Amino acid sequence: MPEQIDQIKRDFEAEAKDIRTADALEDLRIKYLGRKGHISNAFSLLAEIPKEEKPKFGQELNKLKKAVESQYNTLYESLKKGKGKDEYLDLTLPGRKPFIGRKHPLNQVSDEIKSIFKSLGFTIEDGPEIETDFYNFEALNMPKSHPARDMQDTLYITEDIVLRTHTSPVQIRVMQNKKPPIRMIAPGRVYRRDTPDASHSPFFHQAEGLVVGEDVTFADLKGVIESFACQMFGEDINVRFRPSFFPFTEPSAEYDFSCVFCRGKGCRVCKNTGWMEISGAGMVHPNVFKAVGYDPEKYTGYAFGMGIDRIAMLKYGINDIRLFFENDLRFLNQF
Ligand code: PHE
């Protein structure tokens, strides 16, 4: 017995030296002081020793138990105060900064576009990214054989279902559900079959604008685009319209903003033209009104597109569209 008692004491002390965490200390307590622990086992051996020796060893065992308990308590207190080697609290260390998330730059720009148009009385509309041929092409005056379909490198899901190539199908969906007057924008993601490079991505973002009423004119379109340009990029930004073609507008135009980097003077980014292409626009084609059951004799309207990625690139001076989609935190943290 005496050797056993000494052995338990030595073992406990050796193990206690290496305790660094509260969990390890609890395991140690269970191993020695627990109901089936070493000390409790030693007490049960008392039954087997001669009667005369019992009191002495009983006392020895009690002493052992007290000693182990007191060492345990000391260890417990010191761990609680954080004095364990790994849990040592160094008050001179700098604090850990909590990680704060933020909105993606494209969402920030999209929100800004929405709020500018809301202030001009536009509603915000939404449509599906998986569209039927009817909404993406047919109702927009692009019948099956129409050559303008080649302008858009469509990603087909089936012969009749596509990933929308532009946000213009939302025009159709809104007009089917509402009577004029309509004043809406519809921001969202669009898809085209493109090999990614600095200025191309197989998906990107547009905001569609549509205004329909009884006396809506091209001059209204110019006023709204100009107001948007100034609110987005500053009062000194000019807008110009160039003749163009879209099957769903007539007349059609492309519009440019004066270069936001050189403010129109000419620089490397605008290739010395002083202008930046933004998107297309025009007066809603009568065939589009017919497709949704509006009377083209009664109503007129204008529509415009807007590249959200492009506007974000201009606003923040970003030269590669792929940066938006790689989710590199070193990029995203800058916004
Ligand atoms: N949908 C056209 C495009 O994606 C842009 C556009 C919208 C043109 C509305 C005219 C009117 O290129």
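Given the structure is predicted, the values throughout are model-derived calculations rather than measurements.

(A) Fine view of the site of the ligand. In the vicinity of the ligand lie 13 residues, with His-166, Ser-168, Arg-192, Gln-206 and Glu-208 positioned nearest. At 3.0 Å, a side-chain N or O of Arg-192 approaches an oxygen atom of the ligand. In the environment of the ligand, an oxygen atom lies 2.9 Å from a nitrogen or oxygen atom belonging to the side chain of Gln-206. Relative to its unbound accessible surface of 330 Å², the ligand loses 93% to contact with the protein. Secondary structure elements with two or more residues in the shell around the ligand: strand 6 (203–213), strand 9 (275–284) and strand 10 (300–304). Class assignment for the residues of the shell around the ligand results in five nonpolar, six polar and two charged.

(B) Quick peek at the environment of Ser-201. Counting through the fold element by element, Ser-201 comes out in the loop between strand 5 (182–191) and strand 6. Classification of Ser-201 as buried rests on a relative accessible area of 5%. Setting aside its immediate chain neighbours within four residues, Ser-201 contacts Arg-192, Asp-194, Ile-321 and Phe-325. A polar contact of 2.5 Å, which involves the side chain of Ser-201, links it to the backbone oxygen of Phe-203.

(C) Local environment of the packing of helix 1 (residues 2–17) against helix 4 (residues 54–80). Running from N to C, helix 1 and helix 4 point in directions that differ by 5 degrees, and their axes come no closer than 10 Å. Viewed along their axes, helix 1 and helix 4 adopt a mutual orientation that is roughly parallel. Contacts between helix 1 and helix 4 involve Pro-2, Ile-5, Ile-8, Lys-9, Phe-12, Glu-13 and Ala-16 on the former and, on the latter, Phe-57, Glu-60, Leu-61, Leu-64, Ala-67, Val-68, Gln-71, Tyr-72 and Leu-75. The residue makeup of the contact of helix 1 with helix 4, split by class, is 12 nonpolar, one polar and three charged.

(D) Quick look at the nonpolar core. In this structure, Ile-113, Phe-257 and Phe-304 are the most contacted members of the largest nonpolar core, which totals 48 residues. If you tally residues by element for this core, the top one is helix 8 (residues 218–233), at seven residues. Ignoring any residue separated from it by four or fewer positions in sequence, one finds Phe-304 in contact with Phe-117, Phe-122, Ile-185, Ala-207, Glu-208, Gly-209, Leu-221, Val-224, Ile-225, Tyr-255, Gly-280 and Ala-281. In terms of nonpolar packing, the next biggest core, distinct from the first, is built from 25 residues, Ala-139, Leu-140, Ala-148 and Val-162 among them.

(E) Seen up close, the layout of surface pockets. Looking at the largest pocket, its volume works out to about 1500 Å³. Lining the largest pocket are 48 residues, and of these Ser-199, Glu-277, Ile-278, Ser-279 and Arg-310 lie nearest its centre. Top contributing element to the lining of the largest pocket by residue count: strand 9, with seven residues. Across the lining of the largest pocket, the residue classes tally to 19 nonpolar, 17 polar and 12 charged. Taken together, 13 residues make up the lining of the second largest pocket; nearest its centre are His-104, Leu-106, Asn-107, Arg-189 and His-205. At the level of secondary structure, the elements contributing two or more residues to the lining of the second largest pocket comprise helix 5 (105–119), strand 5 and strand 6. Of the residues assigned to the lining of the second largest pocket, the class counts are six nonpolar, six polar and one charged.

(F) Just the pairing of strand 10, in detail. Where burial is concerned, most of strand 10 is hidden: four out of the five residues are buried. Summarising the sheet, strand 6 and strand 10 pair through five bridges and their orientation is antiparallel. Directly across from Val-212, in strand 10, lies its bridge partner Gly-301.

(G) Region of the structure containing the domain arrangement of the protein chain. When its domains are assigned, the protein chain resolves into domain 1 (2–81) and domain 2 (105–332). Its C-alpha centre places domain 1 at a distance of 79 Å from the equivalent point of domain 2.

(H) Just the environment of Met-142, in detail. For Met-142, the position within the fold is in the loop between helix 6 (133–136) and strand 3 (155–156). Once the C-alpha coordinates of Met-142 and Lys-118 are considered, the two residues, 24 residues apart in sequence, prove to be 30 Å apart. Excluding its chain neighbours within four sequence positions, the residues that come into contact with Met-142 are Asn-136, Phe-137, Ala-148, Arg-149, His-166, Pro-247 and Phe-248.

(I) A look at the sheet that holds strand 9. One open sheet accounts for seven strands, arranged 1-5-6-10-9-8-7; its pairing is mixed. Two strands in the sheet have a free side with no partner beyond their single neighbour: strand 1 (123–124) and strand 7 (239–246). Sheet topology note: the strand 5/strand 6 ladder contains 10 bridges and is antiparallel. The partner of Arg-189 across the bridge, within strand 6, is His-205. On the sheet, helix 7 (residues 169–177) packs against strand 5, strand 6 and strand 10 and is oriented at approximately 140 degrees with respect to strand 5.

(J) Main features of unusual backbone geometry. Each neighbour pair has its own omega, and for Pro-180 with Pro-181 the value is 5 degrees, a cis peptide bond. Positionally, Pro-181 belongs in the loop between helix 7 and strand 5. A cis amide bond links Glu-250 with the next residue in sequence, Pro-251, at an omega value of -5 degrees. Looking at the secondary structure, you find Pro-251 in strand 8 (residues 249–258). For Asn-272, which is not glycine, the phi torsion reads 65 degrees and is therefore positive. Looking at where Asn-272 falls in the secondary structure, it is placed in the loop between strand 8 and strand 9. For Asn-272, a relative accessible area of 60% gives the class exposed. A positive phi angle, near 55 degrees, is found at Asn-327, a position not held by glycine. Tracing the backbone through its elements, the reader meets Asn-327 in the loop between helix 10 (308–316) and helix 11 (329–332). Assessed through its relative accessible area of 53%, Asn-327 is described here as exposed.

How each quantity is defined
Residues numbered from 1 in each chain as written. Predicted model: local features only at pLDDT ≥ 70, side-chain atom pairs only at ≥ 80, totals over all residues. Heavy atoms only, no water. Near = heavy atom within 4 Å. Polar contact = N/O pair within 3.5 Å; in protein donor to acceptor, adjacent residues only side chain to side chain. Areas by Shrake-Rupley, 256 points an atom, 1.4 Å probe, with all protein chains shown as cover. Helix = DSSP H or I, 4+ residues; strand = E, 2+ residues; numbered from the N terminus. Nonpolar A, V, L, I, M, F, W, Y, C, P; charged D, E, K, R; others polar. Buried < 20%, exposed > 50% of the residue type's maximum accessible area, 1.4 Å probe, protein only. Contact = heavy atoms within 4.5 Å. Axes fitted to C-alpha atoms, helices over the stretch in contact; angles between N-to-C directions. Parallel < 35°, antiparallel > 145°, perpendicular 65-115°, else oblique. Core = buried A, V, L, I, M, F, W, Y, C linked by side-chain atoms within 4.5 Å. 1 Å grid on protein atoms, 1.4 Å probe; cavity = no way out; pocket = protein on both sides within 12 Å on 5 of 7 lines; lining within 4 Å. Points joined across faces, edges and corners; volume = space filled by probe spheres on them. Pairing = 2+ DSSP bridges. Domains from an automatic or database assignment.

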